[in-house]
Amino acid sequence: MAKQKSVFFFGEGKSEGDAQMRDILGGKGANLAEMTNLGIPVPPGFTISTEVCAAYYENNEQYPAGLEEAVLKNLKKLEKVMGKKLGDPGDPLLVSVRSGAPVSMPGMMDTILNLGMNDKAVQGLAERTGNPRFAWDAYRRFIQMYGDVVMHVPGKQFEKAIASIKEAKGVKLDTELDEHDLENLVGKYKKIVQKYAEKDFPQEPLDQLWGAINAVFGSWMNERAIKYRQISGIKNIKGTAVNVQSMVFGNFGNDSGTGVCFSRDPSTGENVFYGEYLMNAQGEDVVAGIRTPEKISALEQENKPIYDELVRIRNKLEKHFKDMQDMEFTVQQGKLFLLQTRNGKRSGAAAVKAALDMVEEKLIDKNTAIFRVGPEHLDQLLHPRIDPQALKEAVSLTRGLNASPGAAAGRIVFSAKDAEEWHSRGEKVLLVRQETSPEDIGGMVVSQGILTSTGGMTSHAAVVARGMGTPCIAGAKGVTIKGKKVEIGDASFEEGDLITINGSTGDVYSGELALIRPDISKDVLVQTFLGWCDEIRAASTRGHLRGFEVRTNADQPEDAQRAFKFGAQGVGLCRTEHMFFDKDKLIHFRAMIVADTEEERREALQKILPLQQQDFFGIFKAMEGRPVTIRLLDPPLHEFVPHTKEEIEELAAYLQTPSKKLLPKIEKLHEANPMLGHRGCRLAVTYPEIYDMQVEAIALAAADCVRKDIPVMPEIMIPIVCDEKELALLRPKAEQILKRVFKEAGVDIHVKIGTMIEVPRAALRADKVAEYADFFSFGTNDLTQMTFAFSRDDAASFLPAYLEKGILEEDPFKSVDEGGVGLLITGAVEKGRSVHADLKIGICGEHGGDPATIDFCYRSGLSYVSCSPYRVPIARLAAAQAVIKNSGPKRTARTARSTPVKEAKPIKKSRPVKADKPARKPRTSK
């Protein structure tokens with residue numbers, strides 16, 4: 001059996017890999033190989049595969065047999081290509097050692113530059129290049145980076161040493177230090193290493209190489225990398241690759257430099273060359289914000305031949321990869337080299353514009369464009385902005401670079417650790433730093449926004465914030481941090497003070513300005529893009545099913561109106577219990593709860609009837625003839641009873657009865673386990689007058705709509721059903737009330753009556769339940785709770801451990817558990833449609849806005865998903881992606897494949913199911 005290849009070489013226009021080998025070479029290694037094959041100037045090197053990383057961790061941090069031999073073989077090949085040797089004191093080969101996972105994780109793992117430098121090599125390099133300053137600068141950078149990453153020397157100690165030398169010389173920039181200063185600094189650095197690592201800095205280059213390789217593989221499991229993978233949902237990849245590449249130097253002098261550029265603007269998506277560079281610098285100087293870089297457009301004036309070549313490569317790479325590219329480059333003594341290219345992280349606005357433009361440019365098709373925008377991108381577009389009214393009186397304290405769009409307000413914190421601590425106390429925080437580093441990822445995630453005093457548009461803070469959709473201002477020169485105080489412009493602030501930032505303009509304001517959500521319904525680009533998504537959904541077919549709808553969960557007319565503007569095709573869940581907490585209704589409902597007789601209960605409910613009718617009318621009107629599914633009362637009565645002394649006395653005064661007479665009634669309603677108690681349809685079995693009133697209110701509101709020429713399509717949903725006999729009892733009563741009201745009003749309205757499938761027994765008996773239901777809607781919140789026997793309110797105390805230890809892959813309250821709850825759903829779909837082939841089936845729990853769940857729903861043959869109003873645009877996108885992803889015979893859903901072809905049984909109800917058309921006022925012929 002042939003030994004598995006573990007190391008892949010690239011150089012001199014040929015490579016042993018290509019872009020299709022991301023899983024083995026990592027994203028960086030695969031693209032270095034691809035660029036080499038394309039003839040783009042890439043420094044030669046080799047990639048150690050991700051499979052080695054996997055084996056390293058599987059074998060207790062031991063490398064697989066043969067790796068050392070393979071690395072040495074490829075090192076010799078690299079030395080031959082470069083005409084230099086690692087460790088040669090006269091003309092040393094220097095290399096970089098970098099990570100590169102299959103999925104981009106910017107800054108989360110380790111990098112070493114200038115490896116191969118030692119006390120002899122620095123002398124040889126100085127003599128060979130005739131540039132002693134360059135040689136000593138390369139050596140001090142290597143010691144600082146290797147000492148920090150490999151030998152775990154506190155990085156601040158190196159920073160203090162260089163700061164003291166600059167202070168003694170009276171200069172501010174690293175570039176103002178001469179060769180003697182840097183030689184002195186190397187001596188200081190070596191003493192720091194000896195003190196903190198308790199051993200000398202290694203002089204043997206091969207020892208350095210293996211130390212760096214160990215560190216890069218080790219960084220796969222460092223805290224920040226683990227946290228980033230958790231935040232980004234990165235799973236099921238083998239690990240990181242290690243790229244060993246010959247060094248090119250941007251710090252050779254003023255004819256050398258380094259930069260980061262994008263083939264399009266990552267903030268706006270405009271098709272303009274975008275980026276930053278620094279002359280006489282190395283790569284970390286740009287991304288770490290050590291010096292404020294120049295805009296890439298300035299390079300055209302400074303070195304037009306290099307700029308023109310970079311533009312040609314930019315165009316070639318974007319055309320080849322058919323996506324916006326994020327590129328790192330170095331210029332060494334007038335020669336350009338590409339060090340990396342990858343699909344660029346971008347803001348939500350940029351993702352939409354670039355996708356639309358690339359279709360227009362015929363670079364990609366519409367289906368590809370739909371996958372170029374992620375749910376997180378649309379989520380960003382819904383992020384708050386500063387209320388224009390608040391801006392009229394606000395004065396900007398300072399302005400920095402608008403690194404990541406959106407507005408944020410929060411309390412100032414100066415470290416990632418403090419951000420996490422304040423956040424755990426429920427505070428909204430805004431992270432203020434000179435510049436962020438990969439170690440800050442935990443604090444960056446919990447912060448409302450990020451403000452840095454240094455760095456540019458491609459600094460760590462800017463790139464990570466854009467990827468997360470967090471508002472960010474970088475390089476704000478008017479920000480000066482001193483301990484736990486900061487001066488912003490002419491104002492001073494301390495930890496805990498409130499400020500507001502506008503990441504779209506770069507302005508910083510004192511205090512907490514009012515924020516408002518943007519209205520994407522007026523954004524032409526977003527609406528065009530979502531229109532494409534809707535076309536895909538509407539045209540989808542799964543057996544006899546046509547289309548895949550997105551509805552909303554809305555309890556108030558304003559919620560319904562907002563969702564309608566966001567593109568909802570109906571209301572999939574209108575929770576009526578929220579309406580009862582309205583002050584005008586609550587007192588009457590409480591009176592009903594403590595009533596002694598049915599007559600008293602009906603009397604109290606009659607006072608609520610017109611108010612409930614008004615609620616339903618508002619929602620029907622807002623949805624303009626789209627289906628509105630109203631769930632009848634679901635929670636147990638004890639949730640509505642008065643609890644405080646003042647509330648009990650208020651109810652007693654209203655009923656003109658002593659409060660002490662109410663206490664026994666209130667206490668009697670207490671349940672040991674209310675989630676499994678007297679709720680939902682069980683209330684209607686014992687107190688039918690509650691559902692009677694609600695059904696009558698729905699009927700009256702619908703009739704009122706028809707009289708006013710407002711199209712209406714009401715649907716009634718009965719919750720917590722566990723047996724078909726419950727529906728057999730409750731459905732006829734609802735139909736009688738509907739028939740009576742519509743007859744009295746002189747209107748003809750069809751109202752579907754269906755049920756929520758949220759009890760496992762109902763899912764298992766779905767064929768029986770379907771005999772009395774016009775539709776199903778899965779209430780996955782309760783279905784998940786009852787299937788797992790997890791309390792959603794209490795599971796947070798143990799679910800993190802279940803996820804960390806791999807017992808569960810996902811939080812089942814975030815994404816539907818396909819292996820358990822999902823089987824109940826697919827089984828219920830199959831059983832329900834065996835009775836009623838055209839049974840409309842949806843989902844209306846919190847899962848309805850989760851992209852992974854939406855994909856599952858499509859595969860499982862559901863007709864629609866329903867989610868909160870602000871998730872509707874995301875659901876429209878995720879639904880379109882599900883359609884594209886699962887199109888074709890190989891990706892047919894289990895339920896779509898197995899929908900029985902039996903003859904459908906008649907549904908046991910008093911009238912036939914009619915077409916889904918809204919009721920309207922009859923037209924009279926003229």
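These notes cover the structure that comes with them. (Residues numbered from 1 in each chain as written. Predicted model: local features only at pLDDT ≥ 70, side-chain atom pairs only at ≥ 80, totals over all residues. Heavy atoms only, no water.)

A short note on empty space enclosed by the protein
In this structure the tally under the stated criterion is two cavities of 30 Å³ or more. In this structure, the second largest cavity encloses a volume near 30 Å³. Taken together, Phe262, Asp326, Lys345, Val463 and Arg466 make up the full set of residues lining the second largest cavity. (1 Å grid on protein atoms, 1.4 Å probe; cavity = no way out; pocket = protein on both sides within 12 Å on 5 of 7 lines; lining within 4 Å. Points joined across faces, edges and corners; volume = space filled by probe spheres on them.)

Here we look at unusual backbone geometry
Here the phi dihedral of asparagine 236 falls at roughly 60 degrees; this positive angle occurs in a residue that is not glycine. Mapped onto the elements, asparagine 236 comes out in the loop between helix H9 (223–232) and strand E6 (241–246). By relative accessible area, asparagine 236 is classed as exposed at 73%. The backbone of asparagine 280 sits at a positive phi, close to 50 degrees, despite the residue not being glycine. With respect to the helices and strands, asparagine 280 occurs in the loop between strand E8 (274–279) and helix H10 (283–287). (Helix = DSSP H or I, 4+ residues; strand = E, 2+ residues; numbered from the N terminus. Buried < 20%, exposed > 50% of the residue type's maximum accessible area, 1.4 Å probe, protein only.)

A look at the pattern of salt bridges
Opposite charge on two side chains permits them to pair, given that their charged atoms come into close proximity. Counted by the stated rule, this structure contains 62 salt bridges. Linking arginine 631 and aspartate 634 is a salt bridge whose minimum nitrogen-to-oxygen distance equals 3.8 Å. Taken individually, arginine 631 and aspartate 634 each receive the classification buried, so the pair is uniform in this respect. Each of the salt bridges in this network shares a partner with another, and the network as a whole consists of Asp137, Arg140, Arg141, Lys166 and Asp174. (Salt bridge = Lys/Arg side-chain N within 4 Å of Asp/Glu carboxyl O.)

Here we look at the nonpolar core
Of all hydrophobic cores here, the largest spans 227 residues; its most connected members are Ile48, Val97, Ile112, Leu115, Phe589, Phe620 and Phe778. Ranked by residue count, the leading element in this core is helix H28 (residues 688–707), at 12 residues. Setting aside its immediate chain neighbours within four residues, phenylalanine 589 contacts Phe580, Leu605, Ile608, Leu633, Leu637 and Phe640. Among the nonpolar cores identified, the runner-up in size contains 24 residues, and Val42, Phe329, Leu336 and Leu338 belong to it. (Core = buried A, V, L, I, M, F, W, Y, C linked by side-chain atoms within 4.5 Å. Contact = heavy atoms within 4.5 Å.)

What to know about the sheet that holds strand E14 (residues 401–404)
Strand order across the open sheet formed by eight strands is E13-E23-E22-E15-E16-E17-E18-E14, with mixed pairing between neighbours. Whereas interior strands pair on both sides, the edge strands pair on one side only; in this sheet they are strand E13 (398–399) and E14. In this structure, strand E16 (residues 429–433) lies alongside strand E17 (residues 449–452), joined through four bridges in parallel fashion. When the sheet's bridge partners are listed, arginine 433 is paired in E17 with threonine 452. Packing against the sheet, helix H19 (residues 460–468) makes contact with E14, E17 and strand E18 (472–474), and its axis sits at approximately 45 degrees to E14. (Pairing = 2+ DSSP bridges. Axes fitted to C-alpha atoms, helices over the stretch in contact; angles between N-to-C directions.)

Brief notes about helix H1 (residues 22–37)
Think of an α-helix as 3.6 residues a turn; residues three or four steps apart then line up on the same face. Across its 16 residues, H1 extends only 15 Å between first and last C-alpha, which sits more than 12% below the 22 Å expected from 1.5 Å per residue. Approximately 80 degrees is the largest bend angle found in H1, and it occurs at lysine 28. For H1, the tally of buried residues reaches 12 of 16 residues, placing the bulk of the element in the interior. Remark: glycine 39 follows H1 within two positions and exhibits a positive phi of approximately 85 degrees. (Expected span 1.5 Å × (residues − 1). Bend = angle between axes of the 7 residues up to and from the residue.)

Re the packing of aromatic side chains
For any two aromatic rings, the description comes down to two numbers: the centre-to-centre distance and the angle of the planes. Inspection of the entire model under this criterion finds 22 aromatic pairs. Residues tyrosine 63 and phenylalanine 217 carry aromatic rings whose centres are separated by 5.8 Å and whose planes lie at 55 degrees to one another, so their mutual orientation is tilted. You can see tyrosine 63 sitting in the loop between helix H2 (50–58) and helix H3 (67–82) and its partner phenylalanine 217 sitting in helix H8 (residues 205–219), a full 154 residues away along the chain. Ring geometry for tryptophan 136 and tyrosine 139: centres 6.3 Å apart, planes at 40 degrees, overall tilted. (Phe/Tyr/Trp six-rings, centres within 6.5 Å; stacked < 30°, edge-to-face > 60°.)

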